[in-house]
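Architecture at a glance
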Amino acid sequence: MHRHKFARTLRSLKFSAWHLILNILLGFGAVIVFIYSVLIEQQLWNTPGGFIIVLWLASALLFFIRRFSVRCPLCVVSPWINQKCQRNRKVKKALGVSYRLRVALAIIFRDSYRCPYCGERFSSRVSRKD
């Protein structure tokens, strides 16, 4: 299992993982509030729904800009970018939908994650200084 050399890289990776999950939750929240406001036909829910949509778009734009800053130390490809190249056969999708979500969940809830492109395992801890 490989380890990251710098604590800054690992912090950025963990921040990006939380940011991706926040974007997914904001997207679902925006859809739910929009559907709820249409079903009950009240203008009261349009303001919170619009605010959630604007917040989601701003957060998605920030994630889109920052996703290039984190790269796999081995293959030098960002796990947050959807490359058109072939992924490693060892890598699985989360919920059968997303490779990026699986990487994000592994970074947050486990101590290791697998790069979707090179297939190597990386620890979510910084390597020791010798």
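Scroll up for the structure.
Residues numbered from 1 in each chain as written. Predicted model: local features only at pLDDT ≥ 70, side-chain atom pairs only at ≥ 80, totals over all residues. Heavy atoms only, no water.

What follows deals with the packing of helix H1 (residues 7-40) against helix H3 (residues 99-109). As a packed pair, H1 and H3 sit with axes 9 Å apart at the nearest point and diverge in direction by 125 degrees. In terms of their interaxial angle, H1 and H3 are classed as oblique. Between H1 and H3 the crossing geometry is left-handed. Judged by residue contacts, Leu13, Lys14, Ala17, Trp18, Leu20, Ile21 and Ile24 of H1 engage Arg100, Leu101, Ala104, Leu105, Ile107 and Ile108 from H3. Along the lines of polarity and charge, the residues of the contact of H1 with H3 split into 11 nonpolar, no polar and two charged. (Axes fitted to C-alpha atoms, helices over the stretch in contact; angles between N-to-C directions. Helix = DSSP H or I, 4+ residues; strand = E, 2+ residues; numbered from the N terminus. Parallel < 35°, antiparallel > 145°, perpendicular 65-115°, else oblique. Left-handed = near helix turned anticlockwise from the far one by under 90°. Contact = heavy atoms within 4.5 Å. Nonpolar A, V, L, I, M, F, W, Y, C, P; charged D, E, K, R; others polar.)

Side chains of Val31, Phe34, Ile35, Tyr36, Val38, Leu39 and Ile40 sit close together on the surface and give an oily, nonpolar patch of about 670 Å² of accessible area. Secondary-structure assignment places Val38 in helix H1. (Patch = residues over 30% accessible without salt bridge, like charges linked within 9 Å, V, L, I, M, F, W, Y side chains within 5 Å. Areas by Shrake-Rupley, 256 points an atom, 1.4 Å probe, with all protein chains shown as cover. Salt bridge = Lys/Arg side-chain N within 4 Å of Asp/Glu carboxyl O.)

With 21 residues, the main nonpolar core has Leu13, Trp80, Ile107 and Tyr113 as its most contacted residues. Put simply, the parts of the chain that give this core at least two residues each are H1 and H3. When residues in this core are grouped by element, the largest group, six residues, is from H3. Beyond its immediate sequence surroundings of up to four residues, Trp80 is in contact with Leu13, Ser16, Ala17, Leu20, Phe63, Arg67, Val70, Arg100, Val103, Ala104 and Ile107. (Core = buried A, V, L, I, M, F, W, Y, C linked by side-chain atoms within 4.5 Å. Buried < 20%, exposed > 50% of the residue type's maximum accessible area, 1.4 Å probe, protein only.)

What follows is about the packing of H1 against helix H2 (residues 46-66). One can describe the packing of H1 onto H2 by two numbers: an axis separation of 9 Å at closest approach and a directional angle of 155 degrees. The pairing of H1 with H2 is recorded here as roughly antiparallel in orientation. The hand of the H1/H2 crossing is left-handed. Looking at the contact of H1 with H2, its residues break down into 14 nonpolar, 10 polar and one charged.

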